[in-house]
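Per-entry structural report
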Amino acid sequence: MSDDGTTAEQFWDDRYSESERIWSGDPNTVLVRETADLPPGTALDLGAGEGADAVWLARRGWRVTAVDISRVALERGARHAADAGVADRVDWQHHDLAVSFPKGEFDLVSAHFLHSPREMPREEILRAAAAAVAPGGTLLIVGHAGPPPWEQQDHDHADGHGHHHDMHLPTPDEVLESLRLPQDKWEVLHSGEHERVQTAPDGSTITRTDNALKLRRLR
Ligand SMILES: C[S@@+](CC[C@H](N)C(=O)[O-])C[C@H]1O[C@@H](n2cnc3c(N)ncnc32)[C@H](O)[C@@H]1O
């Protein structure tokens, strides 16, 4: 519960209810790039939002568990999956990841922009994410490297991903350290920043810096 009396779930439901669709509907480019050569298996998408990544994976043959705190987002994702003909390949699960985590092990665990202006134990959630990777599987964590330009000018304004300026956005090295992984059991496949072109709320095109960490759990 925050100062204004709303829960994180209400915050995200309200955010998703603001419009028919708040994200682009396209899968994240890093997901596409970093998973294109993986054989389809089981995937877990944490903070799946409106489901573009989950549906893209399902269309490529993955069996996906898509998790979000917002039932509004999950219902939207399920409709998207039905429209794409992959409803039977995605299991939409409602979890506040601060409280509960899906059961099982997965060949791919993906967390794209799992940021929230509400209190969220991101490091703990990402440690649970690592623990859910099956031997030989992949962990992909993508986040923003900094606030968007329009938020730098207006501290009170939340960005298109619902962020506030003072939210800590860790580097890939910080994320890796916080995972506390045994080095002999994991291989770092990619760690770094990249630029991404995005449409700002005013319709202009801007370039943002994000970061990505890709790890493989050794067998
Ligand atoms: C910035 S959005 C990213 C959505 C999507 N992954 C993408 O890349 O477009 C963050 C997502 O995390 C979800 N989320 C925030 N806090 C959460 C929590 N405690 N448990 C589960 N999901 C959460 C939000 O509902 C939202 O869909």
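Going by an unreviewed UniProt entry, the chain carries the name Class I SAM-dependent methyltransferase and comes from Actinomadura montaniterrae.

**Quick notes on the overall build of the chain**
Helix and strand content of the chain: seven helices and seven strands. Helices and strands in the chain line up, N terminus first, as α-α-β-α-β-α-β-β-α-β-α-α-β-β. In terms of C-alpha radius of gyration, the chain reaches 17 Å, essentially the compact-globule figure of 17 Å for 219 residues. Principal-axis analysis of the C-alpha atoms places the extent of the chain at approximately 45 × 40 × 35 Å. Restricting to contacts in the chain with at least 6 residues of sequence separation, those with at least 24 account for 69%. Here the chain has roughly 11000 Å² of accessible surface; of this, 46% comes from carbon and sulfur atoms. Averaged over its 22 positive side-chain charges, the chain has a centre that lies 8 Å from the centre of its 38 negative ones.

**Here we look at the pattern of salt bridges**
Taken as a whole and assessed by the stated rule, the structure comprises eight salt bridges. Where Glu9 meets Arg71, a salt bridge forms, and the shortest distance between an N and an O atom there is 3.8 Å. Of this pair, Glu9 sits in helix α1 (residues 8-17) while Arg71 sits in helix α4 (residues 71-83), placing them 62 residues apart in sequence. Among the residues examined, Glu9 registers a relative accessible area of 25% and is labelled partly exposed. By relative accessible area, Arg71 is classed as partly exposed at 45%. Arg33 is the salt-bridge partner of Glu34, the closest N and O atoms lying 3.1 Å from each other. Given a relative accessible area of 47%, Arg33 falls into the partly exposed group. Counted as one network, the salt bridges with shared partners bring together Arg33, Glu34 and Lys214.

**Topic: the sheet that holds strand β3 (residues 90-94)**
Pairing is mixed across the open sheet formed by seven strands, whose spatial order is β3-β2-β1-β4-β5-β7-β6. Looking along the sheet, the strands with just one partner apiece sit at the ends: β3 and β6 (186-199). Adjacent strand axes in the sheet meet at a mean angle of 15 degrees when their direction is disregarded.

**So, the environment of Arg33**
Relative to the assigned elements, Arg33 resides in helix α2 (residues 29-35). On a C-alpha basis, the gap between Arg33 and Ala84 in space is 21 Å, while along the polypeptide they are 51 residues apart.

**Examining the site of the ligand**
The local shell around the ligand holds 18 residues, among which Tyr16, Gly47, Asp68, Asp96 and Leu97 are the closest. One nitrogen or oxygen atom from the main chain of Gly47 is found 2.7 Å from a nitrogen atom belonging to the ligand. Between the ligand and Asp68, the relevant distance is 2.5 Å, taken from an oxygen atom to a side-chain nitrogen or oxygen of the residue. Residue classes in the shell around the ligand are distributed as eight nonpolar, eight polar and two charged.

Conventions adopted
- Residues numbered from 1 in each chain as written.
- Predicted model: local features only at pLDDT ≥ 70, side-chain atom pairs only at ≥ 80, totals over all residues.
- Heavy atoms only, no water.
- Helix = DSSP H or I, 4+ residues; strand = E, 2+ residues; numbered from the N terminus.
- Rg over C-alpha atoms; globule rule 2.2 N^0.38 Å.
- Contact = heavy atoms within 4.5 Å.
- Areas by Shrake-Rupley, 256 points an atom, 1.4 Å probe, with all protein chains shown as cover.
- Lys, Arg positive; Asp, Glu negative; His and termini not counted.
- Charge placed at Lys NZ, Arg CZ, Asp CG, Glu CD.
- Salt bridge = Lys/Arg side-chain N within 4 Å of Asp/Glu carboxyl O.
- Buried < 20%, exposed > 50% of the residue type's maximum accessible area, 1.4 Å probe, protein only.
- Pairing = 2+ DSSP bridges.
- Axes fitted to C-alpha atoms, helices over the stretch in contact; angles between N-to-C directions.
- Near = heavy atom within 4 Å.
- Polar contact = N/O pair within 3.5 Å; in protein donor to acceptor, adjacent residues only side chain to side chain.
- Nonpolar A, V, L, I, M, F, W, Y, C, P; charged D, E, K, R; others polar.

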